[in-house]
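One-letter residues, chain by chain:
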Amino acid sequence: MRAPVDKNNDLFLFPEGLPGTQAEQFRSECPPDKKTKVEDLFQFSRGRGDLHISIIAACLALFFFAMFFTQTGWDNRKLPDGVASYLAHQFGLIDLDGKITRFGRILKQSWVAPMFCLTVLVPTALWNLRASLKEHLWRKRFLLPTKASFEVAKYIEAFEFVIYFIAYTMLVPIFGYLLATVFLGVFLPWRLGYRGRVWVLRSFSCSVAVVIVFRTLLQIKTPVSIWLYDLMPTPLRGFLLTYF
């Protein structure tokens with residue numbers, strides 16, 4: 001007689017995770033991953049904090065648009081009286097000779113790249129804000145939760161790691177690329193929860209390997225004047241500035 005099959009066992013990816021095994025003693029602080037289909041990997045869905053982030057993104061896009069005329073030199077441009085004929089001549093619609101040369105000169109001007117970015121950024125940010133507001137009103141209409149303190153807090157918490165990288169760039173001119181990279185490479189895994197002697201040794205080894213590859217072998221440029229290296233004897237200082 002065939003034993004009945006427990007359908008709950010399908011929830012476990014590996015047999016070691018079944019109840020009653022030795023692996024059951026392990027308890028992870030990370031929530032279990034949800035089963036995701038391949039076709040749903042790129043599916044986009046709006047959360048409760050999407051409206052707040054969309055407002056911030058739209059304000060930034062409008063700020064860049066307001067600063068475009070003064071920061072790119074557009075307001076200092078002197079256009080001739082016949083703007084239409086001038087543009088037609090510049091883009092080669094009237095005089096075909098030198099069309100590529102004139103068009104290349106236009107692309108090299110300082111306002112062209114920011115203008116192309118704004119033509120994409122501003123409409124996209126406003127359209128995204130419209131969709132977010134529509135989703136927010138839909139939630140309020142059907143009495144769905146609209147409080148977004150949890151989602152906004154997660155966005156704010158992400159700035160913690162931005163501060164770490166800013167501190168890293170400030171430590172390089174003081175302690176050098178080697179010590180700053182090792183400190184960051186050991187601290188970040190520890191901050192993410194990878195603690196213990198084994199993880200510290202792994203993080204330290206990977207950090208030293210990064211320094212050897214990028215600084216010693218590839219000779220990536222670092223600040224010439226480093227406070228810690230300046231305190232050392234001249235031969236050792238030159239060696240550290242060259243390879244570490």
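Residues numbered from 1 in each chain as written. Predicted model: local features only at pLDDT ≥ 70, side-chain atom pairs only at ≥ 80, totals over all residues. Heavy atoms only, no water.

Peer 1: Tell me about the overall build of the protein, and name the residues and values.
Peer 2: Along the protein, the regular secondary structure elements total eight helices and zero strands. Listing each helix as α and each strand as β along the protein from the N terminus yields α-α-α-α-α-α-α-α. Burial analysis of the protein (244 residues in total) assigns 17% to the buried set. Within the protein, residue pairs in contact and separated by at least 24 positions form 59% of the contacts whose partners lie at least 6 positions apart. Only carbon and sulfur atoms are counted for the fraction: they give 68% of the accessible area of the protein, which is about 19500 Å². (Helix = DSSP H or I, 4+ residues; strand = E, 2+ residues; numbered from the N terminus. Buried < 20%, exposed > 50% of the residue type's maximum accessible area, 1.4 Å probe, protein only. Contact = heavy atoms within 4.5 Å. Areas by Shrake-Rupley, 256 points an atom, 1.4 Å probe, with all protein chains shown as cover.)

Peer 1: Report on the packing of helix H5 (residues 149-191) against helix H6 (residues 197-217), specifying residues and quantitative values.
Peer 2: Two elements in contact, H5 and H6, have axes separated by 8 Å at closest approach and are oriented at 145 degrees. Pair H5 / H6 crosses with right-handed handedness. Of the residues in H6, those in contact with Tyr177, Leu178, Thr181, Val182, Gly185, Val186 and Pro189 of H5 are Val200, Ser203, Phe204, Ser207, Val208, Val210, Val211, Phe214 and Arg215. (Axes fitted to C-alpha atoms, helices over the stretch in contact; angles between N-to-C directions. Left-handed = near helix turned anticlockwise from the far one by under 90°.)

Peer 1: An account of the environment of histidine 52 is requested, with residue identities and associated values reported.
Peer 2: Its location among the elements puts histidine 52 in helix H1 (residues 50-71). Linking histidine 52 and leucine 133, residues 81 residues apart in sequence, is a C-alpha distance of 9.4 Å. Excluding residues within four positions of it along the chain, histidine 52 makes contact with Ala148 and Val152.

Peer 1: Describe the packing of H1 against helix H4 (residues 112-141), listing the residues and the values that go with them.
Peer 2: The geometry of H1 relative to H4 is characterised by a closest axis approach of 8 Å and an angle of 150 degrees between their N-to-C directions. It follows that H1 is roughly antiparallel to H4 by the angle criterion. Seen from above, H1 lies across H4 with left-handed handedness. Contact residues: Asp50, Leu51, Ser54, Ile55, Ala57, Ala58, Ala61, Leu62, Phe64, Phe65 and Phe68 in H1; Pro114, Met115, Leu118, Leu121, Val122, Ala125, Leu126, Asn128, Leu129, Ser132, Leu133 and His136 in H4. Residue classes in the contact of H1 with H4 are distributed as 18 nonpolar, four polar and one charged. (Parallel < 35°, antiparallel > 145°, perpendicular 65-115°, else oblique. Nonpolar A, V, L, I, M, F, W, Y, C, P; charged D, E, K, R; others polar.)

Peer 1: Account for H6, naming residues and giving values.
Peer 2: In a regular helix each residue adds 1.5 Å, so 21 residues correspond to 30 Å; H6 covers 29 Å between its end C-alpha atoms and thus fits that length. Within H6 the residues assigned to the buried category are Ser203, Ser207, Val211 and Arg215. With its phi angle positive at about 55 degrees, glutamine 219 sits one or two positions after the end of H6. (Expected span 1.5 Å × (residues − 1).)

Peer 1: Account for a nonpolar patch on the surface, naming residues and giving values.
Peer 2: A cluster of nonpolar residues, Val210, Ile212, Val213, Phe214, Leu217, Leu218 and Ile220, forms a patch on the protein surface that exposes about 600 Å² of accessible area. The residue isoleucine 220 is located in the loop between H6 and helix H7 (227-230) in this model. Isoleucine 220 sits in the partly exposed class, given a relative accessible area of 42%. (Patch = residues over 30% accessible without salt bridge, like charges linked within 9 Å, V, L, I, M, F, W, Y side chains within 5 Å. Salt bridge = Lys/Arg side-chain N within 4 Å of Asp/Glu carboxyl O.)

Peer 1: Any chance you could break down the confidence of the model for the protein for me, citing the residues and the numbers?
Peer 2: Looking at the protein as a whole, its pLDDT mean stands at 79, while 73% of the residues score no less than 70. Looking at the elements of the protein, mean pLDDT is at its lowest for helix H3 (residues 99-108), recorded as 66, and at its highest for H6, recorded as 92. In the model, residues 5-18 has pLDDT below 50 throughout and makes 12 contacts with residues more than four positions away in sequence or in other chains. (pLDDT = per-residue confidence, 0-100.)

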